[in-house]
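# Notes for the structure review
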Amino acid sequence: ATKLELDKVYKIYGDGSIAVSNFNLQVLDKEFIVLVGPSGCGKSTTLRMIAGLEEISEGELRIKGKVMNNVPPKDRDIAMVFQNYALYQHKSVYENMAFGLKLRKLPKDEIKKLVNNAATILGLEDHLNKKPKDLSGGQQQRVALGRAIVRDAELFLMDEPLSNLDAKLRVQMRAEITKLHQRLNTTTVYVTHDQTEAMTMATRLVVMKDGFIQQIGSPKEVYENP
Ligand code: ADP
Ligand code: ADP
């Protein structure tokens, strides 16, 4: 089934610059879509429009067939992971992962179960009482992933989540995120400027340039027709 649709979507910023032009994409349930292209090509703007963090200038965004253009971020069933992790520095790992669930007023037992389960999946079970500053970069990014997966959202959005990690860890985390996706099957839109990352992680790639879609296809299709 179609999970997410962008239909002739445009983003024109206040200064008149056109960041995204005629963006058309249908994302199926469980896909892992990677938006790839050089810095400034409109990847992040596109992701932020899907999240509701940026207004859509023209066109339509639909999630499960419902028009979402004017739905505020908090009313979208979306979990987002950012490049800089965006963790609460004064809260423990446990509290960082539990925070969104507390806001949603889930029962304490339920929160405990969800957080502990996510911690186990991500190998954070021994770090729950630590503060982010006492973790490595990879562990901090796992906490950010944990905060996303406990939400059990219908859509994951990831904006360059591995860019702050060193090369070795980046390769390791690619594999971990792929495994996580195979386990949870959550529909994902993932942004990166790194072509190798895109090729190894995507079920389908959306190659962007200057705000336009240049190419859409499987890694194999894009590799064979560059
Ligand atoms: P990417 O994520 O591919 O690096 P962005 O979506 O961040 O690209 O940016 C796309 C274009 O929109 C760039 O030319 C950028 O300078 C411009 N842009 C991004 N944010 C703003 C903004 N708030 N106001 C004006 N222009 C912006
Ligand atoms: P509060 O409403 O005070 O945040 P919680 O029960 O959510 O109450 O958490 C109390 C403290 O216990 C928090 O500091 C949290 O870090 C810790 N904590 C709760 N459950 C666990 C757990 N399974 N593992 C480690 N620490 C936990």
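About the thresholds
Residues numbered from 1 in each chain as written. Chains lettered and ligands numbered in written order. Predicted model: local features only at pLDDT ≥ 70, side-chain atom pairs only at ≥ 80, totals over all residues. Heavy atoms only, no water. Core = buried A, V, L, I, M, F, W, Y, C linked by side-chain atoms within 4.5 Å. Buried < 20%, exposed > 50% of the residue type's maximum accessible area, 1.4 Å probe, protein only. Helix = DSSP H or I, 4+ residues; strand = E, 2+ residues; numbered from the N terminus. Near = heavy atom within 4 Å. Polar contact = N/O pair within 3.5 Å; in protein donor to acceptor, adjacent residues only side chain to side chain. Nonpolar A, V, L, I, M, F, W, Y, C, P; charged D, E, K, R; others polar. Contact = heavy atoms within 4.5 Å. Axes fitted to C-alpha atoms, helices over the stretch in contact; angles between N-to-C directions. Parallel < 35°, antiparallel > 145°, perpendicular 65-115°, else oblique. Left-handed = near helix turned anticlockwise from the far one by under 90°. Pairing = 2+ DSSP bridges.

The name that an unreviewed UniProt entry assigns to the protein is Sn-glycerol-3-phosphate ABC transporter ATP-binding protein UgpC, with the source organism given as Sporosarcina highlanderae.

## Regarding the nonpolar core
Note that soluble globular proteins tend to have their nonpolar side chains buried in a common cluster. Membership of the largest hydrophobic core comes to 42 residues, with the highest contact counts inside it found for V34, M97, V115, I177 and Y190. In terms of residue count, helix α4 (residues 137–150) provides more of this core than any other element does, six residues in total. Counting residues in each nonpolar core, the second largest holds 28 residues, with L6, F23, L25 and I56 among its members.

## Re the site of ligand 1
If you check the shell around ligand 1, you find Y13, D15, S17, A19, P38, S39, G40, C41, G42, K43, S44 and T45 and nothing else. Here S44 contributes a backbone N or O atom positioned 2.8 Å from an oxygen atom of ligand 1. Looking at the shell around ligand 1 element by element, the count peaks at three residues for helix α1 (residues 43–51). Taken together, the residues that form the shell around ligand 1 break down as four nonpolar, six polar and two charged.

## Digging into helix α2 (residues 93–103)
Restricting attention to buried positions, one finds in α2 the residues V93, Y94, N96, M97, A98, G100 and L101. Each element contacted by the buried residues of α2 is listed here: α3 (108–122) and α4.

## Things to note about the packing of α2 against α3
Where α2 meets α3, the closest approach of the two axes is 10 Å, and the angle between their N-to-C directions is 135°. Here α2 lies oblique to α3, going by the angle between them. Note on packing geometry: the crossing formed by α2 with α3 is right-handed. Contacts between α2 and α3 involve Y94, M97, A98, L101 and K102 from the former and I111, K112, L114, V115, A118 and A119 from the latter. Along the lines of polarity and charge, the residues of the contact of α2 with α3 split into nine nonpolar, no polar and two charged.

## What to know about the sheet that holds strand β4 (residues 58–63)
Ordered by their spatial adjacency, four strands build an open sheet running β2-β1-β4-β5, and the pairing between neighbours is antiparallel. In the strand order of this sheet, the two ends are held by β2 (18–28) and β5 (66–67), each with one partner. Relative to β4, strand β1 (residues 2–12) is paired through five bridges, and the arrangement is antiparallel. Residue L4 lies in a different strand from β4, and its bridge partner there is I63.

## A short note on the packing of α4 against helix α5 (residues 167–184)
Contact pair α4 / α5: the axes reach a minimum separation of 11 Å and the direction vectors enclose 20°. One finds that α4 runs roughly parallel with respect to α5. Between α4 and α5 lies a crossing of right-handed hand. Contacts between α4 and α5 involve G137, G138, Q141, R142, L145 and I149 from the former and L169, Q172, M173, E176, I177, L180 and L184 from the latter. Per-class residue counts for the contact of α4 with α5 are seven nonpolar, four polar and two charged.

## Section: the side chain of D194
If you trace the backbone, D194 turns up in the loop between β8 (187–192) and α6 (195–201). Only 3.0 Å separates the side chain of D194 from the backbone nitrogen of E197, close enough to count as a polar contact. Ignoring any residue separated from it by four or fewer positions in sequence, one finds D194 in contact with V36, R170 and R174.

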